[in-house]
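Letter by letter, the chains look like this.
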Amino acid sequence: MSFTHTPPAPVTVPVAGSSDLFPVHRIYCVGRNYEEHAKEMGFTGREAPFFFLKPADALVVIPDGSAGTMPYPSLTHNLHHEIELVVAIGKGGKNIAAADAAQHIFGYAIGLDMTRRDLQNDMKKAGRPWCIGKAFDHSAPIGPITPADQAGDINHAEIYLQVGGQDRQRSTVAKLIWNIAETIEHLSTAWELQAGDLIYTGTPEGVAAVVRGDTLVGGVAGLGTLSVQII
Ligand code: MN
């Protein structure tokens, strides 16, 4: 047996403070999971959680303390930032109760759910899938994964994004509509989670456009910062 072409290298994210690498399986994303962001998108913020996916190779892995780059994607004239807390699953399972969710979490990272908003809005209007707006190449910048026991009180951590040194988004993980444990409970009824899954948990209000040359600096208290320049 031989491969018809060279298999892709595994997608990995470094573990903060270690030489270990976290091999990525899937990227799940939660939609409209902060009430004020749901409102700015024209919704009430009171709906059940819903999910979409990005391909694992959409990650742009940015090592600790360095500034990464993301190419401005094709087809869009309205590239939006969404700063998000990312949960890294260390132990899989299905129908995980919220009370048991913590034992399935390896750690946490800072991520950006970059969005071609114009294309997403076109798809929404047409009742079509969001893939072209959400799941494009380089759409998921991420920093190192901090193990859960080193991340502090992540459920109450401040989360923010600045562009060019100015605040665009600033909130707290405590304002998640569906908190981390509840998200894992819901998600694991729809898919069997596996070690290596990443969950982008949703973004607070303040999403807006960026252009080539902009530098985005995002943070979640306890996880450091994530710095990305759009090129
Ligand atoms: Mn998002």
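Before reading on, note that the structure itself is shown above.
Let me begin by describing the structure that accompanies this report. (Residues numbered from 1 in each chain as written. Predicted model: local features only at pLDDT ≥ 70, side-chain atom pairs only at ≥ 80, totals over all residues. Heavy atoms only, no water.)

Quick notes on the overall build of the chain
Broken down by element type, the chain carries four helices and 18 strands. What you see for the chain is a C-alpha radius of gyration of 17 Å, in line with the 17 Å of a compact globule of 231 residues. With the C-alpha coordinates aligned to their principal axes, the bounding extent of the chain is approximately 45 × 40 × 35 Å. Among the 231 residues that make up the chain, the fraction classed as buried is 48%. Intrachain contacts of the chain at a sequence separation of at least 6 include 76% that bridge at least 24 residues. A total of about 10,500 Å² of accessible surface is found on the chain, and carbon and sulfur atoms cover 52% of it. Here the chain holds 17 positive side-chain charges and 24 negative ones, and the gap between their average locations is 7 Å. (Helix = DSSP H or I, 4+ residues; strand = E, 2+ residues; numbered from the N terminus. Rg over C-alpha atoms; globule rule 2.2 N^0.38 Å. Buried < 20%, exposed > 50% of the residue type's maximum accessible area, 1.4 Å probe, protein only. Contact = heavy atoms within 4.5 Å. Areas by Shrake-Rupley, 256 points an atom, 1.4 Å probe, with all protein chains shown as cover. Lys, Arg positive; Asp, Glu negative; His and termini not counted. Charge placed at Lys NZ, Arg CZ, Asp CG, Glu CD.)

Some thoughts on the sheet that holds strand β10 (residues 115-116)
Strand order in the open sheet made by the three strands is β10-β7-β16, with antiparallel pairing throughout. Of all the strands in the sheet, just β10 and β16 (209-210) have a single pairing partner and so form its edges. In this sheet, β10 lies alongside strand β7 (residues 79-80) in antiparallel orientation, the contact comprising two bridges. Note on β10: the bridge partner recorded for leucine 79 is arginine 116. (Pairing = 2+ DSSP bridges.)

Details of the nonpolar core
Among the nonpolar cores identified, the biggest contains 41 residues, and Tyr108, Met114, Ile154, Ile180 and Ile184 are the most heavily contacted of them. Contributions of two or more residues to this core are made by β3 (27-30), β8 (83-89), β9 (105-112), β13 (158-163), α4 (180-190), β17 (215-220) and β18 (225-230). Among the nonpolar cores identified, the runner-up in size contains 18 residues, and Phe22, Ile142, Leu198 and Tyr200 belong to it. (Core = buried A, V, L, I, M, F, W, Y, C linked by side-chain atoms within 4.5 Å.)

So, the state of the cysteines
Each disulfide is one covalent bond, formed between the sulfur atoms of two cysteines. Tallying each qualifying case throughout the model produces zero disulfides. Sulfur of cysteine 29: no disulfide; nearest cysteine sulfur belongs to cysteine 131 and is 11 Å away. The class for cysteine 29 is buried, based on a relative accessible area of 0%. (Disulfide = S-S within 2.5 Å.)

Brief notes about the coordination of the manganese ion
Around the manganese ion, the protein contributes the donor atoms Glu82 (OE), Glu84 (OE) and Asp113 (OD), at 2.0 to 2.1 Å from the metal centre. For glutamate 82, a relative accessible area of 4% corresponds to the buried category. (Donors = N, O, S within 2.8 Å, 3.2 Å for Na, K, Ca; no water.)

As for the side chain of arginine 116
Within the secondary structure, arginine 116 is located in strand β10. Of the side chains with opposite charge, aspartate 118 lies nearest to the buried arginine 116, which makes no salt bridge, at 6.5 Å. Aside from chain neighbours lying at most four places away, what touches arginine 116 is Pro73, Ser74, Leu75, Thr76, Asn78, Ile132, Gly133 and Phe136. (Salt bridge = Lys/Arg side-chain N within 4 Å of Asp/Glu carboxyl O.)

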